[in-house]
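Residues per chain, in single letters:
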Amino acid sequence: MTDDDIEIRRLAREDAVLYRDIRLEALQANPEAFGSTFEVEDAQPLSLFSDRLGSSIVLGAFRDAELLGIVGFAVQQGQKEAHKGTLWGMYVRPSARNAKVGRRLVEAICNLARQQVELIQLSVVVDNQHARSLYARLGFLEYGVEENALKQAGRYYESVLMAKDLSRP
């Protein structure tokens with residue numbers, strides 16, 4: 001797989017089946033990394049995933065018709081926080097992790113976010129060194145750690161809080 005084989009585009013309602021499949025895979029493969037659970041989202045109708053795509057910004061990385069990775073973006077609510085956005089739901093299938101798919105998704109979401117906000121924030125599980133390194137290489141700075149941020153199967157997970165100033169190149 002080469003970088004040229006990958007197309008990044010916004011997912012639409014028509015992509016709901018593909019999005020549901022990769023989202024459920026992410027929740028099963030890395031339950032500690034997401035605020036939701038496989039059991040909760042698996043029980044939801046397809047319309048929930050379609051509605052999410054209709055009301056949210058979710059980018060997908062495709063090779064032909066195969067969805068290899070996803071990432072979401074949301075502008076924070078409220079007049080005093082509308083200058084900030086959140087990167088959420090990042091997941092790349094294992095088969096695509098060494099093909100710069102994650103990098104391309106984060107770069108694309110930052111380029112999109114730059115048109116709407118000044119700062120983009122994210123949280124990542126402390127133990128996920130690969131993701132932390134990727135974000136750091138792309139200009140995200142760590143600014144804190146949230147203790148006991150998530151709890152999965154009786155175990156607590158800390159999250160590293162990271163941000164990138166989009167007004168800088």
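Scroll up to find the structure this text is about.
Report on the accompanying structure. The structure presented is a predicted model; accordingly, all values stated were derived computationally and were not measured. (Residues numbered from 1 in each chain as written. Predicted model: local features only at pLDDT ≥ 70, side-chain atom pairs only at ≥ 80, totals over all residues. Heavy atoms only, no water.)

A few words on the sheet that holds strand S3 (residues 66-75). If you trace the 7 strands from one edge of the open sheet to the other, you get S1-S2-S3-S4-S5-S7-S6, paired in mixed fashion. Here the strands that pair on one side only, and so sit at the sheet edges, are strand S1 (6-10) and strand S6 (141-152). Pairs of neighbouring strands in the sheet enclose a mean axial angle of 25°, with direction left out of account. Here strand S4 (residues 84-92) pairs with strand S5 (residues 119-125) via 3 bridges, running parallel. Across the sheet, the residue bridging to Gly 85 is Ile 120, located in S5. Seen against the sheet, helix H5 (residues 129-137) touches S4, S5, S6 and strand S7 (155-165) and runs at an angle of roughly 160° to S5. (Pairing = 2+ DSSP bridges. Helix = DSSP H or I, 4+ residues; strand = E, 2+ residues; numbered from the N terminus. Axes fitted to C-alpha atoms, helices over the stretch in contact; angles between N-to-C directions. Contact = heavy atoms within 4.5 Å.)

So, on to the pairing of strand S2 (residues 57-63). For S2, the buried fraction is high: 6 of the 7 residues fall into the buried class. Note that S1 and S2 share 5 bridges and pair antiparallel. Note on S2: the bridge partner recorded for Ile 8 is Ala 61. Remark: 2 residues form the turn of the hairpin made by S2 and S3, two consecutive strands paired antiparallel; Asp 64 in that turn has positive phi of roughly 55°. (Buried < 20%, exposed > 50% of the residue type's maximum accessible area, 1.4 Å probe, protein only.)

Take Gly 72: it is sitting in strand S3. Those residues in contact with Gly 72, other than ones at most four positions away along the chain, are Ile 57, Val 58, Thr 86, Leu 87, Trp 88 and Ile 109.

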